[in-house]
Amino acid sequence: MNKVIKTLLLVLVSTAASLLVGIAIASYLTVPRIPLISEGDRLLVFDPEIGAIANPSSQARRIYPAVADRKTFAFDIYTDDRGARVDGPGQQSPERVDVLVVGDSFTWGYALANQETYARLLSRELEASVSNFAMAAYGTTQSLQLLRRNGDLSPKLVVYGIIAHHFERNVSPCLPSYYPFCFSASHVAWDHEGQASIAPPQSNGVQRFQRHLAGDFLHPVTWLLHGIDVVRGRIEYGRATYRTPSDEQKEEAVGYLLREMQRSADEIGANLLVVYLPTNYYSAPKALPRVIGDISLLDLTEAFQRERDKGANLYIVGDGHPNQAAHQLISREIAKYVRDNGLLEVTNSRRQPG
């Protein structure tokens, strides 16, 4: 009997040791450190419907150390009580706004102070109040959901900044992340009858990301639980990478989300303007003009290419996000389009550009 017990104990200990070694390798040893330092409040909080939303009434600082072709840079992020990006701490959301802006990091203003973002500049150009609910890594899915949540601000105009990568983001359960595990988010999925809808995030990717970034896993229990969660996140990431939807599904998802965005804008009496923001001066996906239908579209590809041909650089060196000059250009082009088409003049129905 003693021999049997010893054998069982040996098997259990060996199995437990193997599992711990596996967790250590999968969750820690093969997950690279990222060139990012986060100070102040948490930038994001978990949301069971969307996945990640801006931390309301927060103050954070992001520092990116120098890498091969990029110098060290830092920027501050402040949010109001709704999570919209603002100039400084302690600001409250207005009861109503003229313009509600949604989008991803191109619109949020990655690496820039809020005062330098096109949303903030647009407020000055149009002499109108603007709330910016964009967030890094978002796609059309999260932009639609933030519009719905903040529709009670009764904007006259909704501006959505779309980039080519949103075609992929909208159908992926994992948003872009520095880490090789899933940053879980809402996404478009189809039921057995082929009907599209928005599916919730699979897990708490915000906690997974923030804990790994902070290194807050030194306690044995935390190390084990976080390690298991990272393994789960890597499995989710692997599935998302393996099960890549077809181009037709990506285009269908964009069309579905844009129609829902238009419907949501109509319900609150707002005009909707979709603005295509080029990456590296590339043209918009060929499918965009088709799937967008009769929704107002301002394609800024030619404006960006025109400035490039004059010798201007509109992207952050070694990064690819629009720089301060680009945001100034975007603001001017949007303001001109809005004025030329009277998009702030009608609040009870959608007005088509002339």
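How each quantity is defined
- Residues numbered from 1 in each chain as written.
- Predicted model: local features only at pLDDT ≥ 70, side-chain atom pairs only at ≥ 80, totals over all residues.
- Heavy atoms only, no water.
- Helix = DSSP H or I, 4+ residues; strand = E, 2+ residues; numbered from the N terminus.
- Buried < 20%, exposed > 50% of the residue type's maximum accessible area, 1.4 Å probe, protein only.
- Contact = heavy atoms within 4.5 Å.
- Areas by Shrake-Rupley, 256 points an atom, 1.4 Å probe, with all protein chains shown as cover.
- Lys, Arg positive; Asp, Glu negative; His and termini not counted.
- Charge placed at Lys NZ, Arg CZ, Asp CG, Glu CD.
- Polar contact = N/O pair within 3.5 Å; in protein donor to acceptor, adjacent residues only side chain to side chain.
- Patch = residues over 30% accessible without salt bridge, like charges linked within 9 Å, V, L, I, M, F, W, Y side chains within 5 Å.
- Salt bridge = Lys/Arg side-chain N within 4 Å of Asp/Glu carboxyl O.
- Expected span 1.5 Å × (residues − 1).

Trainee: Break down the overall build of the protein for me, citing the residues and quoting the values.
Mentor: Assigned secondary structure in the protein consists of eleven helices and 15 strands. Taken along its principal axes, the extent of the C-alpha atoms in the protein is 90 × 50 × 40 Å. Burial statistics for the protein: of 354 residues in total, 51% are counted as buried. Counting only contacts in the protein whose residues sit at least 6 apart along the sequence, the fraction spanning at least 24 positions is 68%. In the form shown here, the protein has an accessible surface area of approximately 16,900 Å², with 53% of it arising from carbon and sulfur atoms. Here the protein holds 36 positive side-chain charges and 38 negative ones, and the gap between their average locations is 6 Å.

Trainee: Lay out the side chain of Ser 27 with the relevant residues and their values.
Mentor: Summarising the element assignment, Ser 27 is placed in helix 1 (residues 2-29). Given the relative accessible area of 0%, Ser 27 is considered buried. Looking at Ser 27, its side chain comes within polar contact range of the main-chain oxygen of Gly 227, at 2.6 Å. When sequence neighbours within four positions are dropped, the list of residues in contact with Ser 27 reads His 212, Gly 227, Val 230 and Val 231.

Trainee: If you had to explain a nonpolar patch on the surface to someone new, which residues and values would you point to?
Mentor: On the surface, Ile 5, Leu 9 and Leu 12 cluster together into a nonpolar patch covering about 290 Å² of accessible area. As for its position among the elements, Leu 12 is in helix 1. With relative accessibility at 57%, the residue Leu 12 sits in the exposed group.

Trainee: Describe helix 1, naming the residues involved and giving the relevant values.
Mentor: Taking 1.5 Å as the rise per residue, helix 1 with 28 residues should run 40 Å; its terminal C-alpha atoms sit 38 Å apart, in good agreement. Taken together, the buried positions of helix 1 are Ile 23, Ala 24, Ser 27 and Tyr 28. Looking at the buried residues of helix 1, the elements they touch are helix 6 (205-214) and helix 7 (220-242).

Trainee: With reference to specific residues and values, describe unusual backbone geometry.
Mentor: Its identity is not glycine, yet Glu 127 carries a phi of approximately 50 degrees, on the positive side. When you line up the elements, Glu 127 lands in the loop between helix 3 (118-126) and strand 8 (130-132).

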